[in-house]
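Given next are the chains, with one letter for each unit.
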Amino acid sequence: MCKGLSYLPSSCLEKAKGMRVKLSHLAEIHHKQKVQDGKILQDLETLLGSKIGLQAFRGFLRSEFSEENLEFWLACEDYRVSPSNMQKTKASSIYNQFINPDAPLEVNLDAETREALLSMMDSLCADTFNLAQQRIYSLMAKDSFPRFLRSHHCAEAIKAY
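Below, the structure is looked at part by part. (Residues numbered from 1 in each chain as written. Predicted model: local features only at pLDDT ≥ 70, side-chain atom pairs only at ≥ 80, totals over all residues. Heavy atoms only, no water.)

### Looking at the side chain of S50
Note the threshold: To qualify as a helix, a DSSP run of H or I must reach at least 4 residues; to qualify as a strand, a run of E must reach at least 2; elements of each kind are numbered from the N terminus. The rule is simple: take the accessible area with a 1.4 Å probe, protein chains only, and divide by the maximum for that residue type; under 20% is buried, over 50% is exposed, in between is partly exposed.
By the secondary structure assignment, S50 is in the loop between α2 (44-48) and α3 (51-63). Given a relative accessible area of 10%, S50 falls into the buried group.

What follows is the structure, given as structure tokens:
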């Protein structure tokens, strides 16, 4: 019943070979993307630079009622690239939302860092929040990120890749 490939017109065989090459190329690209996506979870910096990783990490922190550190870090990133005419407004917002002792999303900063920030609020620059941002990043890297790696949020993020 089946006469084999030799009975197919050569144009069909050429098209099939071309399709095989294209599919092989697509599979290779997909594999490389999977490997690259897997690296998103290797460290906090890479995770924060990934939209999917950031989303999963934010979901994890929200489930623990501790997303203020991430929100502060992101606000500082936004502040750093803001035009100078927006810095005063954004700095005030960051201070009132995260630094002020009565802030709704107060982050855990030592008194020395808090006081240094308060004294810098009169002479703003792109680096105003760098020290505080580094302290919060360290807290997330040492505390939240390892817990995230053990969480179901991380497992779900890996499955999504």
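Having seen the structure, we can now continue with the description.
### Some words on the pattern of salt bridges
Oppositely charged side chains can form a pair if their charged atoms are brought close together. To keep it simple, the criterion reads: Just to be clear on terms, a salt bridge is a Lys or Arg side-chain nitrogen sitting within 4 Å of an Asp or Glu carboxyl oxygen.
As enumerated under the stated definition, the model contains eight salt bridges in all. Among the ionic pairs, R80 bridges to E77, the shortest N-O distance being 2.8 Å. Here E77 and R80 lie together in helix α4 (residues 68-80), a separation of three residues that amounts to about one turn. Of the residues examined, E77 reaches a relative accessible area of 29% and is grouped as partly exposed. In this structure, R114 engages E106 in a salt bridge whose closest nitrogen and oxygen atoms are separated by 3.2 Å. For R114, a relative accessible area of 16% puts it in the buried group. Residue E106 is classed as partly exposed on the basis of its relative accessible area of 33%. A cluster of three or more residues bridged by salt bridges with shared partners is formed by E64, D143 and R147.

### Notes on the packing of α3 against α4
Helix packing geometry: the angle between the two helix axes and the distance between the axes. Put simply, the test is: As a rule, the C-alpha atoms of each element are fitted with a line to give its axis, helices using only the stretch in contact, and angles between N-to-C directions run from 0 to 180 degrees. Reported orientations rely on four angle classes, namely roughly parallel under 35 degrees, roughly antiparallel over 145, roughly perpendicular from 65 to 115, and oblique for the rest. In what follows, a contact means two residues having at least one pair of non-hydrogen atoms within 4.5 Å.
Two elements in contact, α3 and α4, have axes separated by 9 Å at closest approach and are oriented at 140°. With respect to α4, the element α3 is oriented oblique. Here L54, F57, R58 and L61 of α3 come into contact with α4, specifically with L70, E71 and L74.

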